[in-house]
Amino acid sequence: MPEPVFFSTAPPRATPDIESASPPVNSMQSDSKPYVVDFSNAVPVAVENGMGTSANLGKVVSSEGELFYLKDAVCYDSTSPVVSNAITSREVVSTEIYSLFLPAPKARMVNECSCIMEGADNEKIFIASRLENYQDFGDCLIKEELADDLERQFKEFTHEDAAAFKHNAVIAKTLTGELTKLRDQHLDWWVGVDGNPDQELVQVYRAKALQLEEVMQKQFHILPEALQRQSQDSLGVSQLLGDWDPFNVFYKNMGIVKKGDGSLHVMRLDFGSCLDVGFQGQTKENGYEIAVSQRPAVFPEL
């Protein structure tokens with residue numbers, strides 16, 4: 001598969017090109033245009049469950065007294081460093097554009113991460129996002145305790161709403177666990193054997209996935225109107241960015257963040273398929289078939 005060609009954009013004079021970027025200071029405090037920041041001083045830390053700023057696998061690290069979620073925006077073996085860094089920069093820029101309209105985790109491009117990300121070249125660029133007390137909808141809507149937080153913050157969220165939410169959360173959590181177990185039991189569940197999906201698995205998985213979809217829809221409709229509107233606004237801004245993955249089949253990339261004062265708000269993250277970037281390191285122009293054909297047979301039909 002040929003390497004994608006991404007359109008180059010001339011950066012403002014104040015911002016160096018990625019290849020020649022050199023941060024003026026080793027600091028994440030500045031709100032200026034993103035530089036590539038030396039992250040050699042960062043160290044891994046353990047945090048409580050539920051905290052994160054990406055649906056993608058990564059590591060929580062501490063740097064200069066702040067916590068960040070460090071991730072590789074590109075994990076495709078066939079992608080060259082130049083293309084990888086171009087894709088990474090687009091995700092950071094897309095995050096910055098989105099944050100002009102709605103809240104998003106502050107993101108920066110960082111390098112010198114070989115001590116944290118095993119096997120990484122120090123010149124490879126990663127994304128570091130400020131850590132938020134965030135959970136994807138796929139995680140928080142299956143938890144009964146969220147209903148108590150909603151009832152405390154939103155007057156219109158009644159005790160009856162809380163009871164219905166908790167009832168649905170129990171069902172959704174059970175179904176989520178069953179679907180996860182099915183995927184774990186069939187390591188080839190995504191593509192099948194020699195491209196042929198296990199039809200017995202397809203039928204079992206689809207049935208449970210459809211049940212989960214029905215329950216999750218109920219959960220969304222129970223949410224306070226303010227959070228529903230924030231979700232709709234988020235999808236609208238995501239469309240402006242050409243985002244192909246604002247809210248996936250696992251109910252990830254959008255969720256609820258809990259601020260320091262306990263207030264709940266909708267937040268988006270992971271802007272890796274925005275602007276001219278598609279899936280699997282391809283441009284949107286060249287990657288439409290990949291985007292369509294990668295959907296596994298076990299998922300409910302569109």
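Because the structure is predicted, anything quoted here is derived from the model rather than measured.

Colleague: Account for the sheet that holds strand S8 (residues 254–258), naming residues and giving values.
Modeller: With antiparallel pairing, three strands are arranged side by side in an open sheet as S7-S8-S9. On the outer flanks of this sheet lie strand S7 (134–136) and strand S9 (264–268), each paired with one strand and no other. Direction aside, the axes of adjacent strands within the sheet are offset by 35° on average. Pairing of S7 with S8 involves three bridges; the strand directions are antiparallel.

Colleague: How would you explain the sheet that holds strand S1 (residues 36–38) if you had to name every residue and give the values?
Modeller: Pairing in this open sheet of six strands is mixed, and the strands run S1-S5-S6-S4-S3-S2 from one edge to the other. The open sheet terminates on both sides in strands that have one partner only, identified here as S1 and strand S2 (43–44). The pairing of S1 with strand S5 (residues 107–111) spans three bridges and is classified as parallel. Paired with Val 36 across the two strands is Met 109, which belongs to S5. The strands touched by helix H1 (residues 81–99) are strand S4 (66–71), S5 and strand S6 (126–130); relative to S5, the strand with the most contacts, the crossing angle is about 155°.

Colleague: Explain the packing of aromatic side chains to me, using residue names and the numbers behind them.
Modeller: Two aromatic rings are characterised by how far apart their centres lie and by the angle between their planes. What the rule picks out here adds up to 13 aromatic pairs. Measuring from ring centre to ring centre gives 5.2 Å for Trp 189 and Trp 190, while their planes differ by 75°; the resulting arrangement is edge-to-face. Trp 189 sits in the buried class, given a relative accessible area of 14%. Through pairs of rings, three or more aromatic residues link up here, namely Trp 189, Trp 190, Tyr 205, Phe 250 and Phe 299. Here the basic side chain of Lys 124 rests over the ring of Phe 126, its NZ or CZ set 5.5 Å away from the ring centre. The positively charged end of Arg 183 is found above the aromatic ring belonging to Trp 189, 5.7 Å away from the centroid.

Rules of the game
- Residues numbered from 1 in each chain as written.
- Predicted model: local features only at pLDDT ≥ 70, side-chain atom pairs only at ≥ 80, totals over all residues.
- Heavy atoms only, no water.
- Pairing = 2+ DSSP bridges.
- Helix = DSSP H or I, 4+ residues; strand = E, 2+ residues; numbered from the N terminus.
- Axes fitted to C-alpha atoms, helices over the stretch in contact; angles between N-to-C directions.
- Contact = heavy atoms within 4.5 Å.
- Phe/Tyr/Trp six-rings, centres within 6.5 Å; stacked < 30°, edge-to-face > 60°.
- Buried < 20%, exposed > 50% of the residue type's maximum accessible area, 1.4 Å probe, protein only.
- Lys NZ or Arg CZ within 6 Å of the ring centre and 35° of its normal.

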